Structure formats: C-alpha cells, structure tokens
Amino acid sequence: MSKQRIAVVTGGAKGIGKAIAERFVAEGYFIIAVDVDEESGKKLITEVKGSIQFLKADICNEKEVVSLFENIKNEHRCIDVVINNAGIIRDNMIWNMSVEDYDLVMNVNLKGAWLMCREAAKVMRQQNSGCIVNIASRAWLGNRGQSNYSASKAGIVGLTRVLALELGKYNVCVNAVAPGLIDTPLTQKLEKEVLQKLIDAQPTKAMGSPEDVANAVAFLADEGTKFITGQILYVDGGKSIGAGI
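Not measured: the values here are computed from a predicted model.

Asker: Looking at this structure, I do not really get the overall build of the chain. What am I missing?
Answerer: Each helix and strand counted, the chain has eight helices and seven strands in total. Its C-alpha radius of gyration of 17 Å places the chain within 12% of the 18 Å reference for a compact globule of 245 residues. Each of the three principal axes of the chain carries a C-alpha extent, and together these read 50 × 40 × 35 Å. Within the chain, the proportion of its 245 residues that are buried is 48%. Within the chain, contacts between residues separated by at least 24 positions form 70% of all contacts whose residues are at least 6 apart in sequence.

Asker: What's the story with the state of the cysteines in this structure? I'm lost.
Answerer: Within the structure shown, the criterion is met by zero disulfides. Here Cys60 is not disulfide-linked; the sulfur of Cys117 is the nearest cysteine sulfur, at 14 Å. Of the residues examined, Cys60 reaches a relative accessible area of 18% and is grouped as buried. Of the cysteine sulfurs around Cys117, a residue in no disulfide, the closest is that of Cys131, at 11 Å.

Asker: Just checking my understanding: could you explain the packing of helix α1 (residues 15-26) against helix α8 (residues 210-221) for this structure?
Answerer: Look at α1 against α8: their axes get within 8 Å of each other, and the N-to-C directions meet at 50°. The angle between α1 and α8 places the two elements in the oblique class. Note that α1 runs across α8; the crossing there is right-handed. Note on element contacts: α8 touches α1 through Pro210, Glu211, Val213, Ala214, Asn215, Val217, Ala218 and Ala221, opposite Gly15, Ile16, Ala19, Ile20, Arg23 and Phe24. For the contact of α1 with α8, the per-class residue count stands at ten nonpolar, two polar and two charged.

Asker: Can you help me understand helix α5 (residues 147-167) in this one?
Answerer: Within an α-helix, residues lying three or four positions from one another point in the same direction, as the helix has 3.6 residues per turn. In this model, α5 (21 residues) spans 30 Å end to end at C-alpha, consistent with the 30 Å of a helix rising 1.5 Å per residue. Those residues of α5 lying buried are Asn148, Tyr149, Ser150, Ser152, Lys153, Ile156, Val157, Leu159, Thr160, Leu163, Ala164 and Leu167. Packed against the buried residues of α5 are α4 (99-127), β5 (130-135), β6 (172-179) and β7 (232-235).

Asker: I would appreciate a short explanation of the packing of aromatic side chains in the present structure.
Answerer: Pairs of aromatic rings are described using the distance from one ring centre to the other and the angle between the two planes. If you walk through the whole model with that rule in mind, you get one aromatic pair. For the pair Phe24 and Tyr29, a centre-to-centre distance of 4.6 Å together with 50° between the ring planes defines the contact as tilted. By relative accessible area, Phe24 is classed as buried at 1%. Residue Tyr29 is classed as buried on the basis of its relative accessible area of 5%.

Asker: What's the story with the sheet that holds strand β1 (residues 6-10) in this structure? I'm lost.
Answerer: Spatial ordering of the open sheet is given by β3-β2-β1-β4-β5-β6-β7, a layout of seven strands whose pairing is parallel. Two strands bound the open sheet, and with one partner strand each, they are β3 (52-56) and β7. Adjacent strand axes in the sheet meet at a mean angle of 20° when their direction is disregarded. The sheet contact formed by β6 and β7 spans four bridges and is parallel. Residue Ala178 lies in a different strand from β7, and its bridge partner there is Tyr234. This element, helix α2 (residues 38-47), spans β2 (30-35) and β3 of the sheet and lies at about 175° to β3. Contacting β1, β4 (81-84), β5 and β6, α4 runs over the sheet at an angle of about 175° to β4.

Asker: Help me understand the side chain of Thr160, please; the structure alone is not making it clear to me.
Answerer: With respect to the secondary-structure elements, Thr160 resides in helix α5. At 2.8 Å, the side chain of Thr160 forms a polar contact with the backbone oxygen of Ile156. Excluding anything up to four places from it in sequence, Thr160 contacts Asn134, Val174, Asn175, Ala176 and Gln231.

Asker: Sorry if this is basic, but what is going on with α2 here?
Answerer: Burial in α2 covers these residues: Ser40, Gly41 and Leu44. Buried residues of α2 fall within an arc of 105° about the axis and therefore sit on the same side. Facing away from the buried side of α2 by more than 90 degrees, the exposed set consists of Glu39, Lys42 and Lys43. Those residues of α2 that are buried are in contact with α1, β2 and β3.

Asker: Please clarify how the pattern of salt bridges should be interpreted in this entry.
Answerer: Proximity of charged atoms lets side chains of opposite charge pair with each other. Summed over all chains, the structure comprises nine salt bridges. Linking Glu27 and Arg23 is a salt bridge whose minimum nitrogen-to-oxygen distance equals 2.8 Å. Given the relative accessible area of 38%, Glu27 is considered partly exposed. Of the residues examined, Arg23 reaches a relative accessible area of 27% and is grouped as partly exposed. Close ionic contact of Lys56 with Glu38 constitutes a salt bridge, the shortest N to O distance being 3.7 Å. With a gap of 18 residues between them, Lys56 in strand β3 and Glu38 in helix α2 connect regions that are remote in the sequence.

So, how was this worked out
Residues numbered from 1 in each chain as written. Predicted model: local features only at pLDDT ≥ 70, side-chain atom pairs only at ≥ 80, totals over all residues. Heavy atoms only, no water. Helix = DSSP H or I, 4+ residues; strand = E, 2+ residues; numbered from the N terminus. Rg over C-alpha atoms; globule rule 2.2 N^0.38 Å. Buried < 20%, exposed > 50% of the residue type's maximum accessible area, 1.4 Å probe, protein only. Contact = heavy atoms within 4.5 Å. Disulfide = S-S within 2.5 Å. Axes fitted to C-alpha atoms, helices over the stretch in contact; angles between N-to-C directions. Parallel < 35°, antiparallel > 145°, perpendicular 65-115°, else oblique. Left-handed = near helix turned anticlockwise from the far one by under 90°. Nonpolar A, V, L, I, M, F, W, Y, C, P; charged D, E, K, R; others polar. Expected span 1.5 Å × (residues − 1). Phe/Tyr/Trp six-rings, centres within 6.5 Å; stacked < 30°, edge-to-face > 60°. Pairing = 2+ DSSP bridges. Polar contact = N/O pair within 3.5 Å; in protein donor to acceptor, adjacent residues only side chain to side chain. Arc of directions from axis to C-beta. Salt bridge = Lys/Arg side-chain N within 4 Å of Asp/Glu carboxyl O.

Okay, structure coming up:
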C-alpha cells in the first residue's frame, strides 16, 4: 500500500485555497492548510471531512515559514506537494497607489511565495522528489489599476521558471496556474455593472469557479504529470488569448 501524500496549501482556509484543499483531500492526500485567518481555519476543519490539518502562519515572516516547514517535516517526515495560493489585492491606478499598498501586495504575493518555495526546495532537494504549484494570475500579462498585483504575479511566473531549472535534476517539478475571472467572495464584492463588464470581456462569457482552479492544480500535482515543469497553465476562459469582445 502506497503512503499518503502530504500537500501544503497557503491561503487554504477559504476561496480558491479551500477548493484546492477539498479536492486534494478527496484524492486521498493529507492536507496542511496554512493561513493567517484562524477563524476561517477552524471553520475549514469542521467543513472538510478527511485528512486535513490547519496551521496558522504568516508567509511574509521568514521565521514563521522556517518554523512551519520544521514542524511539518518533524511530524510527517516528507512533503510531497506545496501549493502557493495565498495572495491579496490593493488595486489603484499607479498615480493614486501608495507605497504601502505596493509593498503589502509584493510581500504577500511574491516574497511570501518565495519564502515558501525556498523552504520547500530544501526539503524536496534532500528527499529527491516533490512538486511545487504556484498560483499566478492571468493579470501577469497586465491589468489596468493593478501595477502592484500584476508585477507580483509576473514575479511568480519568473520564480516558477527559475525553480524548474534549479530543481529539475532533483526530481522536483515546478509549475504555475494562472486563473482569470473566478467566482470568489472577492469578485462577488464588485459592483454589478463592473462585474458584468468583466464577464462580457470573457471569450466564454462566464466566470470560472474555484473548483476549476483546483482541477488544474491537481493535474499538475499528479505523479503522472511529473515530466511537465516550468509551465504556466491558464484557467481563464480564454481571456489570455484576447479581449473576447
């Protein structure tokens, strides 16, 4: 009987992260959901039935990330998959954007993912196996009002490609999923007219679901796709091709 695979997902308490956690639990993984939101984490544990654990950690804090990996390694001995999903937005046109909003987005979206990748790389290099899936965004190609967010996600794409080169010989594959317009609590907060314009700009004239993203992540994490590395998989209803209007 094969051992249960261990997967870590950041921002795992709600939204896309929760959908990823649910999908992986259903596939037989032991999931460690990492989030700063302890209340949502406790709720996750009661809602998702199966092999799942919640750990509170701030991925922007180097000491907390190092401690997180030490704790996981001590308890589970190995880490098979790391999914860097945690992210935030602070949108504004660049002339109205504060340095604080730029720094906050870059710290969570890029530095946090980089810290997680660094510690994951140490473990996976030593065990000579593993998989990292970074959640980028179609916005890395450019979105008005998102100079901070788009730059952070472009950084994720660059990070993914570099790590695929650095970790390939250690049997570690590194890929990214780039979601587009996804039906999450964040998009549901948009004004109705604004949201409709975004949907109209989609070639499919529809939003995706968190489960669509989870499906793509599960595909890239599967042991049967270990020859795929350094790639960006768009889950965006074709928006990356063009405007669709």
